[in-house]
Amino acid sequence: MPLTVRPRRKRSTRIIVTLLSGLVPLVLGCVILNSQAQRTLKQSSQETADQALRQFELMLDNTAQAAHELLPLAGQACESVKLALREQVTRRPFVRSTNLVWDDNLYCSSLFGDYQEVVNAGDYNQGKLWLMNGNPVTPDTALLVYRLSEGRGGALTTLDGYHLSNILRLIGRQTLLVLQVGDNWLAAEGKVHTGALPALPVAPTTLVSSRYGFSVSAGFAQGETWRYMAAEYPPLFSLLIFFGAVSGAIGHVLQKRSTSPSHEMLRALEAGEFVPYFQPVVHGDSKAWSGAEVLMRWAHPKEGLVRPDLFIPFAEHSGLIVPMTRALMQQTAALLGPLSSTFAAPFHIGINITASHCRDLELVEDCRLFLAAFAPDSVSLVLELTERELIEPTEISRQLFEHLHSLGVKIAIDDFGTGHSSLAYLRKFNVDFLKIDQSFVAMIGIDALSRHILDTIIELSAKLDLGIVAEGVETQAQADYLTAHNVDFLQGYLFAKPMPAADFIEALIHR
Ligand code: C2E
Ligand code: CA
Ligand code: CA
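Residues numbered from 1 in each chain as written. Chains lettered and ligands numbered in written order. Predicted model: local features only at pLDDT ≥ 70, side-chain atom pairs only at ≥ 80, totals over all residues. Heavy atoms only, no water.

Taking an unreviewed UniProt entry as the reference, the protein is identified by name as cyclic-guanylate-specific phosphodiesterase belonging to Pseudomonas granadensis. What UniProt states about the protein under its Catalytic activity (unreviewed entry) heading is, verbatim, "3',3'-c-di-GMP + H2O = 5'-phosphoguanylyl(3'->5')guanosine + H(+)". Note on the protein: under the UniProt heading Subcellular location (unreviewed entry), the record states "Cell membrane". (UniProt positions renumbered as here; feature names shortened; annotations may be inferred.)

Right, dumping it as structure tokens:
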């Protein structure tokens, strides 16, 4: 079959398209998984930050409570209150030390008792919280100091950094977690730093405490998204690879299919492989040639000469029939045009058209060009439209047939007797000829009913003043019968088979 011939598309292009159809779902799937992983990490960093924030607030509540209880003691002699200061340290789990202040002077400490140190309110974020890197007792150990002051008195309670970094380490097991107070910040390793926070490139989240002057930032290191995907999604990746392979295979198969009928015919059209064959039509009485029907053949490079019924349906389906018919008309005009000055009476040239030709007016220009190639009045162009496939009478088709008639083009209904065309239909399209289908001719002398239909068609055409052509005349008996019944034109193997242009022209010249 010519229509299953190998595609023309280059091998490298096919490989690229196959690869692409495999890779696109794979890449798309990875993008979707990546965004899913990012969402999961974002959620995780938000939850972690939120948990840490609540934990720090709880610890600070405890520390602040100690300060509240001690504040009324501020101003009293250190000797009389230092036990109360130590009691808070013992009773409260996170409190490491307590201190009393009077006139911005720390004068009493749970650690040392009497003490002297200036308190600078500016050290405290919002005047309340100071994250510092140790004190004289434990230098280089983080300490969070809570300051409560009222009038001249004040209380300072400190929270051990050990608890803070413990929380950062335990809650932020997979997450980078930082506690920030003013300019200072503390990470899980337990050191207090000043200045810019460490970078949290993936899923960064910062939550600010509404009750104390601190914030918590959480996030992940660079590349965490891919690490997460590699750890969590292996089954989904296998599925993606499977889908990629299936899609690549589908792409491969579709490419093979997409290069089927219409692609192959387009190639053939461009290569000029559709050529005209000519079958003479003779006068019923004299048997002299009155014209010829142009029948398309596909001169396929590998399959040889292909019959039209094997490819015309594909051509109609793909819309290629219009340019194919145009090419056929151009070849016919180029072959017969130069001989036309020798034609005695107008020579009938039958061209087969389809419903696709009747959807616009392009055919008018094709016919005008065709006729222009012949000597004036030397040919009569007959368009054959099969009755098997009736066309819709639309405004366009009405205009088309009007234009064609004004050009002198004739219309024949082909395969007449096999369809259901009505009288109104014949009138509407200004039909000039009926071509009796071969099946009726073949039944002459065999089947009485077919002969009856044949007689009726002949009578009808006479009444309607239509020319009549009998197709498929193979025997002398058929020819005699048709001539006896005044059929104007005969076509069939009895007179000549469809022949290539060279043979036809040769025979035409010798007549
Ligand atoms: P069709 O228009 O009815 O053409 C007549 C067919 O009958 C031709 O077949 C012809 O070779 C065949 N034929 C002629 N005399 C005899 C005979 O005595 N006995 C028998 N058994 N057959 C005979 P072909 O050339 O194979 O064409 C088949 C069909 O393909 C045509 O039927 C027509 O419908 C279509 N076709 C051919 N060329 C074209 C074309 O250029 N355009 C379109 N749209 N259709 C075409
Ligand atoms: Ca025909
Ligand atoms: Ca026919």
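Focus: the sheet that holds strand S10 (residues 202–208)
With respect to topology, five strands assemble into an open sheet ordered S9-S8-S7-S11-S10, the strand pairing being antiparallel. A single partner strand is all that each edge strand has here, and the edge strands are strand S9 (192–194) and S10. The mean angle between the axes of side-by-side strands here comes to 25 degrees, regardless of whether they run parallel or antiparallel. Pairing between S10 and strand S11 (residues 215–220): five bridges, direction antiparallel. The partner of Thr206 across the bridge, within S11, is Ser217. Contacts from helix H1 (residues 11–70) reach strand S7 (176–181), S10 and S11, with the element oriented near 25 degrees to S10. (Pairing = 2+ DSSP bridges. Helix = DSSP H or I, 4+ residues; strand = E, 2+ residues; numbered from the N terminus. Axes fitted to C-alpha atoms, helices over the stretch in contact; angles between N-to-C directions. Contact = heavy atoms within 4.5 Å.)

Focus on the coordination of the calcium ion (ligand 2)
Binding of the calcium ion (ligand 2) to the protein goes through Glu293 (OE), Asn352 (OD1), Glu384 (OE) and Asp414 (OD), at separations of 2.1 to 2.3 Å. The calcium ion (ligand 3) is placed at 4.4 Å from the calcium ion (ligand 2), the two being bridged by Asp414. Here Glu293, found in strand S13 (residues 289–300), pairs with Asp414, found in strand S17 (residues 410–416); they are 121 residues apart in sequence, far enough to count as distant. With relative accessibility at 3%, the residue Glu293 sits in the buried group. (Donors = N, O, S within 2.8 Å, 3.2 Å for Na, K, Ca; no water. Buried < 20%, exposed > 50% of the residue type's maximum accessible area, 1.4 Å probe, protein only.)

As for helix H3 (residues 161–171)
Along H3, the residues that are buried comprise Gly161, Leu164, Ser165, Asn166, Ile167 and Leu168. Elements that come into contact with the buried residues of H3 comprise H1, strand S4 (129–134), strand S5 (139–150), strand S6 (153–160), S7 and strand S8 (184–186). Sitting at the amino-terminal end of H3 is Asp160, which places a side-chain oxygen 2.9 Å from the backbone nitrogen of Tyr162. (Polar contact = N/O pair within 3.5 Å; in protein donor to acceptor, adjacent residues only side chain to side chain.)

Points about the coordination of the calcium ion (ligand 3)
Around the calcium ion (ligand 3), the protein supplies Asp414 (OD), Asp415 (OD), Glu471 (OE) and Glu471 (OE) as donor atoms, at distances of 2.1 to 2.9 Å. Along the chain, the residues that donate to the calcium ion (ligand 3) are spaced as D-D-x55-E. Given the relative accessible area of 7%, Glu471 is considered buried.

Describing the sheet that holds strand S3 (residues 113–118)
Sheet architecture is open: six strands sit in the order S3-S2-S1-S6-S5-S4, paired in antiparallel fashion. Both edges of this open sheet fall to S3 and S4, since each of them pairs with a single strand only. Across the sheet, the mean angle from the axis of one strand to that of its neighbour is 30 degrees, orientation sign disregarded. Here helix H2 (residues 78–91) sits on the sheet and contacts strand S1 (95–102), strand S2 (105–109) and S3; the angle it forms with S1, its principal contact strand, is near 150 degrees.

Examining the pattern of salt bridges
Taken as a whole, this structure holds 24 salt bridges when the rule is applied. For Arg91, the salt bridge goes to Glu69, with nearest N and O atoms at 4.0 Å. Placement of Arg91 in helix H2 and of Glu69 in helix H1 is noted, with a sequence separation of 22 residues between them. Under the relative-accessibility criterion, Glu69 is labelled partly exposed at 37%. (Salt bridge = Lys/Arg side-chain N within 4 Å of Asp/Glu carboxyl O.)

Brief notes about the site of ligand 1
Taken together, 21 residues are adjacent to ligand 1, and Gln279, Arg297, Gln438, Glu474 and Tyr493 come closest. Take Asp414: an N or O atom from its side chain is 2.9 Å from an oxygen atom of ligand 1. Within the backbone of Tyr493, a nitrogen or oxygen atom sits 2.8 Å from an oxygen atom of ligand 1. When contributions to the shell around ligand 1 are tallied by element, the ones reaching two or more residues are S13, helix H8 (321–336) and S17. Tallying contributions element by element places S13 first for the shell around ligand 1, with four residues. For the shell around ligand 1, the class distribution of residues is nine nonpolar, six polar and six charged. (Near = heavy atom within 4 Å. Nonpolar A, V, L, I, M, F, W, Y, C, P; charged D, E, K, R; others polar.)

Re the nonpolar core
Membership of the largest hydrophobic core comes to 76 residues, with the highest contact counts inside it found for Leu383 and Leu404. Filtering out sequence-adjacent residues up to four positions away, Leu404 remains in contact with Leu363, Val364, Cys367, Leu383, Val409 and Ile411. (Core = buried A, V, L, I, M, F, W, Y, C linked by side-chain atoms within 4.5 Å.)

Quick word on the domain arrangement of the protein
Segmentation of the protein into domains returns domain 1 (31–224) and domain 2 (261–510). A straight line from the C-alpha centre of domain 1 to that of domain 2 covers 100 Å. (Domains from an automatic or database assignment.)

Quick word on the environment of Ala507
Position of Ala507 relative to the elements: it lies in helix H15 (residues 501–509). For the pair Ala507 and Thr342, spaced 165 residues apart in the sequence, the C-alpha separation amounts to 14 Å.

Regarding the packing of aromatic side chains
Tallied over the full model, the rule gives 17 aromatic pairs. Ring geometry for Phe56 versus Phe214: centroids 6.0 Å apart, planes at 85 degrees, classification edge-to-face. Pair noted here: Phe56 is in helix H1 and Phe214 is in the loop between S10 and S11, with a separation of 158 residues, a long-range link. Since its relative accessible area comes to 2%, Phe56 is described here as buried. Where Phe347 meets Phe504, the ring centres are 6.4 Å apart and the plane angle is 45 degrees; that geometry is what we call tilted. You can see Phe347 sitting in strand S15 (residues 347–353) and its partner Phe504 sitting in helix H15, a full 157 residues away along the chain. (Phe/Tyr/Trp six-rings, centres within 6.5 Å; stacked < 30°, edge-to-face > 60°.)

Quick word on the side chain of Asp160
With respect to the helices and strands, the residue Asp160 is situated in strand S6. Sequence-distant contacts of Asp160, that is, excluding residues within four places in its chain, are made with Phe94, Arg96, Thr141, Ala142 and Leu143.

What about a nonpolar patch on the surface?
Taken together, the side chains of Leu236, Leu239, Phe242, Phe243, Val246, Ile250 and Leu254 present a nonpolar region at the surface, about 640 Å² in accessible area. Mapping Leu254 onto the fold places it in helix H5 (residues 234–258). The exposure class assigned to Leu254 is partly exposed, which follows from its relative accessible area of 48%. (Patch = residues over 30% accessible without salt bridge, like charges linked within 9 Å, V, L, I, M, F, W, Y side chains within 5 Å. Areas by Shrake-Rupley, 256 points an atom, 1.4 Å probe, with all protein chains shown as cover.)

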